[in-house]
Amino acid sequence: MNTALGLYLHIPFCRQRCHFCAFYLELHREATAEAFLRALHTELRLYEAEKIAAGRSLQSVYFGGGTPTVLKTAQLIMILAAVRKSFVLGPDCEITVEAHPGTVTAAGLSALRRADVSRLSFGAESMHDDELARIGRPGAESETIEAVTAARTAGFANINLDLMYGLPGQTVESWKRTLTACCDLSPTHLSCYALTVEDGTRLARDVRQETAQAPDETLQVEMDQIARQALAEAGYARYEISNYAKPGFECRHNLLYWTQGNYLGLGPSAQSFVDGVRFGNDANLKAYESALGEGRFPIQNRSVLTAQEQLRDAVIFGLRLEHGVSTSLLVTHAVNYGYEKVVDRLRASELLVEDHERTRLSAHGRLHADTVAEQLF
Ligand code: SF4
């Protein structure tokens, strides 16, 4: 049995919704948060009673969202205390909290560090205030600088910054400056995401109504290559299509997703994969609370993956990694599903590239990772 397990906690609240965001979340209200926290504690106790983690220890705990730091620091610490009651944490457990730079204080960060949170992930997105304004993202460059400085003072050595490229009005020059400004802050990890237009978002509506421009893919490929080069020069190695780290600082929790590790997701919309079974929670706060109020798991879908399906997932997620997957694994998957022609087509269109018996996404393929995955699914 694979004894490593990661725990994801989805905190479904933000102060406002950014124009591009399609995550499940609600606007933060004190009373709504209290009700959610009661439900989350019940969910933790149900998993404890179920003994799903028997014989395992947590190698990572990840507070994601949403914006976990819209909760009070004391509430986050209480969740962590409840996690410790219901699960065994491994000796070197990576504990990450995602944070919006404008929602943290020096005192709050010190308290999180004292509670053994080991990693912070700040959603910086851009180091240009006008670019942030155009994507409806509250905040400013100065907040990111202050937040990272406060985090260091609080004792955090492991800090990630999330960035986006292909933003409305963003240029190669402004992207380079964002990268430089972020490297100057010396985070241990950087995530660079290409802006995509998701159905149901305000950005999708604006693009439809021609009041915003859809991202320019050619420019995004160029920006991706600029990021890779600039970050390599600054000592960050790309290990996944969007993720760069200083040696030894790869995100342990996210690696579980890409390497078929076991992870348990709590909170509305959170997904889990444990011992070959994939299951996901209801993406609705009321339905989530109502199930837990009745003492039931809020699970909406569950599927047991066959060995063939697990191999498929190993290929699809493995292609996201910088070292890709072994070409023989890809060929086995292609034969299993009768996808030989699909793989040939992906190679011919240069979305996949092969090198030393390993296949991975090309620079262009990285922008179409989801389409490639759909074709191989
Ligand atoms: S802060 Fe993050 S989770 Fe919240 S709306 Fe913006 S992108 Fe979405």
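All values reported here derive from a predicted model rather than from experimental measurement.

J.: So, a negative patch on the surface: which residues are in play, and what are the values?
T.: Together, E198, D199, D370 and E374 make up a region of like negative charge exposed at the surface. With respect to the element layout, E198 can be found in the loop between β8 (189-194) and α7 (202-208). A relative accessible area of 34% places E198 in the partly exposed class.

J.: Residue-level account of the packing of aromatic side chains, with values.
T.: Across all of its chains, the model carries 9 aromatic pairs by this definition. Measuring from ring centre to ring centre gives 5.5 Å for F13 and F36, while their planes differ by 85°; the resulting arrangement is edge-to-face. Here F13, found in strand β2 (residues 13-14), pairs with F36, found in helix α1 (residues 30-50); they are 23 residues apart in sequence, far enough to count as distant. Its relative accessible area of 0% is what places F36 among the buried residues. Ring plane angle 40° and centroid distance 5.3 Å describe the contact between Y165 and W175, whose orientation is recorded as tilted. Of this pair, Y165 sits in strand β7 (residues 158-165) while W175 sits in helix α6 (residues 172-184); the two residues are 10 residues apart in sequence, bridging distant segments of the chain.

J.: Tell me what's going on with the site of the ligand, and back it up with residues and numbers.
T.: Neighbouring residues of the ligand: C14, Q16, R17, C18, F20, C21, F23, L25, G66, T67 and R137. In terms of residue class, the shell around the ligand is made up of 6 nonpolar, 3 polar and 2 charged.

J.: Can you explain helix α12 (residues 327-337)? Please cite residues and give values.
T.: Taken as a whole, α12 has its buried residues at T327, L330, H333 and A334. For α12, the buried positions fall inside an angular range of 120° around the axis, keeping them on one side. In this structure, the buried side of α12 is in contact with α11 (307-318), β15 (325-326), α13 (340-348), β16 (352-355), β17 (358-361) and α15 (369-376). Phi turns positive one or two residues past the end of α12, at G338, with a value near 70°.

J.: Run through the packing of α6 against helix α8 (residues 217-233), naming residues and quoting values.
T.: In the contact formed by α6 and α8, the axes pass within 10 Å of each other and the chain directions differ by 30°. Taken as axis vectors, α6 and α8 run roughly parallel relative to one another. Judged by the twist between their axes, the crossing of α6 over α8 is right-handed. Here V172, W175, K176, L179 and C183 of α6 lie close against α8, whose contacting residues are L219, E222, M223, I226, A227, A230 and L231. The residue inventory of the contact of α6 with α8, partitioned by class, reads 10 nonpolar, no polar and 2 charged.

Calculation criteria
- Residues numbered from 1 in each chain as written.
- Predicted model: local features only at pLDDT ≥ 70, side-chain atom pairs only at ≥ 80, totals over all residues.
- Heavy atoms only, no water.
- Patch = residues over 30% accessible without salt bridge, like charges linked within 9 Å, V, L, I, M, F, W, Y side chains within 5 Å.
- Areas by Shrake-Rupley, 256 points an atom, 1.4 Å probe, with all protein chains shown as cover.
- Salt bridge = Lys/Arg side-chain N within 4 Å of Asp/Glu carboxyl O.
- Lys, Arg positive; Asp, Glu negative; His and termini not counted.
- Charge placed at Lys NZ, Arg CZ, Asp CG, Glu CD.
- Helix = DSSP H or I, 4+ residues; strand = E, 2+ residues; numbered from the N terminus.
- Buried < 20%, exposed > 50% of the residue type's maximum accessible area, 1.4 Å probe, protein only.
- Phe/Tyr/Trp six-rings, centres within 6.5 Å; stacked < 30°, edge-to-face > 60°.
- Near = heavy atom within 4 Å.
- Nonpolar A, V, L, I, M, F, W, Y, C, P; charged D, E, K, R; others polar.
- Arc of directions from axis to C-beta.
- Contact = heavy atoms within 4.5 Å.
- Axes fitted to C-alpha atoms, helices over the stretch in contact; angles between N-to-C directions.
- Parallel < 35°, antiparallel > 145°, perpendicular 65-115°, else oblique.
- Left-handed = near helix turned anticlockwise from the far one by under 90°.

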